[in-house]
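Secondary and tertiary structure notes
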Amino acid sequence: MKLRLYWGSVMAQTAANFITFTDFLADSSGRPGPSVLLTTGDVITVPTESELNSYLATVLQMALIKFVPLRLVKTHTVTLEIEPTGDNWRNRYPDLLVLRPEHIDLMAETKQAAIQLGMPAPQFVAEVVSPGPETSDNYRRDYDWKRRQYEHWEIPEYWIIDPVRAKVTVLVLEQGHYREEIYQDEQWIESSVFPKLRLQANSILIA
């Protein structure tokens, strides 16, 4: 019998205790929505993204599909296995993720919309920051924890879209570490991974 505990909008499922991420993926066990595996082996069901976060991710998706096949540009639908840090989650659902063509075949083989450690790194990732002070988990999750996790993955480019602070932080991987540039207002953002992608910061922030 499963015991489920509720706090806020997050539901913990304490009955299953998974040792590996592969086991977690193999056992969906009636989860009602996106689920996260913790370092303890427990599973939490996370709330869906806010309308604003989804909208801004879609705005960037629409810009990207001019240069990238639509099937490779995913918003909130593919889970990424990561090295735990901060909140001790073992997987993320990036707001926007650009896959490599080989990921499509790999996901077909595993029958899971998941990118696991050991697979090729995604080409690009973007996250929209939810409201909260710099001491909040919302802020630390995108600016600190995910930064370290995506750097570990060696994802070539990571955009942090922050509508509250009205800036886009672009992180480009150089020699295994992210180099940071901040864009605001009408400044033009040019992608190192997709050179034809050129956007003004405001076109994303106030879209």
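Here the structure is a predicted model, which is why all the values come from computation and not from measurement.

**Section: the overall build of the protein**
A count of helices and strands for the protein gives five helices and 15 strands. The C-alpha atoms of the protein give 17 Å as radius of gyration, which agrees with the globular expectation for 207 residues (17 Å, within 12%). Judged by the C-alpha coordinates and their principal axes, the protein covers about 55 × 40 × 30 Å. Residues classed as buried in the protein amount to 47% of the 207 residues present. By element, 52% of the accessible surface of the protein is carried by carbon and sulfur atoms, the whole surface being about 10,300 Å². Positive and negative side-chain charges in the protein, numbering 20 and 27 respectively, have mean positions lying 4 Å apart.

**Let's talk about the confidence of the model for the protein**
With 91% of its residues at a pLDDT of 70 or more, the protein shows a mean pLDDT of 90. Between residues 1–14, whose pLDDT stays under 50, and residues either more than four places distant or in other chains, the model counts 38 contacts.

**Structural notes on the sheet that holds strand S6 (residues 79–81)**
The strand order S7-S6-S9 describes an open sheet built from three strands, whose pairing is mixed. Among the strands making up the open sheet, the edge pair consists of strand S7 (91–92) and strand S9 (114–115). Both S6 and S7 contribute to a ladder of two bridges, which runs antiparallel. Note that in S7 the partner of Glu 81 across the bridge is Asn 91.

**Topic: the side chain of Asp 95**
Relative to the helices and strands, Asp 95 is located in the loop between S7 and strand S8 (96–98). A polar contact of 2.9 Å, which involves the side chain of Asp 95, links it to the side chain of His 76. Once residues within four sequence positions are removed from consideration, Asp 95 is found in contact with Glu 49, Asn 53, Ala 57, Lys 74, Thr 75, His 76, Ala 126, Glu 127 and Val 128.

**Remarks on the pattern of salt bridges**
Throughout the structure, instances matching the rule amount to eleven salt bridges. Arg 147 serves as the salt-bridge partner of Glu 180, at 2.7 Å between the closest nitrogen and oxygen. Remark: Arg 147 occurs in helix H4 (residues 137–153) and Glu 180 occurs in strand S13 (residues 177–183); sequence separation between them is 33 residues. Residue classification places Glu 180 among the partly exposed residues on the basis of a relative accessible area of 38%. Salt-bridge contacts for Glu 190 lead to Arg 198; the nearest nitrogen and oxygen are separated by 2.8 Å. With a relative accessible area of 42%, Arg 198 lands in the partly exposed category. Linked through salt bridges whose partners overlap, the residues forming this network are Asp 87, Arg 92 and Arg 141.

Calculation rules
- Residues numbered from 1 in each chain as written.
- Predicted model: local features only at pLDDT ≥ 70, side-chain atom pairs only at ≥ 80, totals over all residues.
- Heavy atoms only, no water.
- Helix = DSSP H or I, 4+ residues; strand = E, 2+ residues; numbered from the N terminus.
- Rg over C-alpha atoms; globule rule 2.2 N^0.38 Å.
- Buried < 20%, exposed > 50% of the residue type's maximum accessible area, 1.4 Å probe, protein only.
- Areas by Shrake-Rupley, 256 points an atom, 1.4 Å probe, with all protein chains shown as cover.
- Lys, Arg positive; Asp, Glu negative; His and termini not counted.
- Charge placed at Lys NZ, Arg CZ, Asp CG, Glu CD.
- pLDDT = per-residue confidence, 0-100.
- Contact = heavy atoms within 4.5 Å.
- Pairing = 2+ DSSP bridges.
- Polar contact = N/O pair within 3.5 Å; in protein donor to acceptor, adjacent residues only side chain to side chain.
- Salt bridge = Lys/Arg side-chain N within 4 Å of Asp/Glu carboxyl O.

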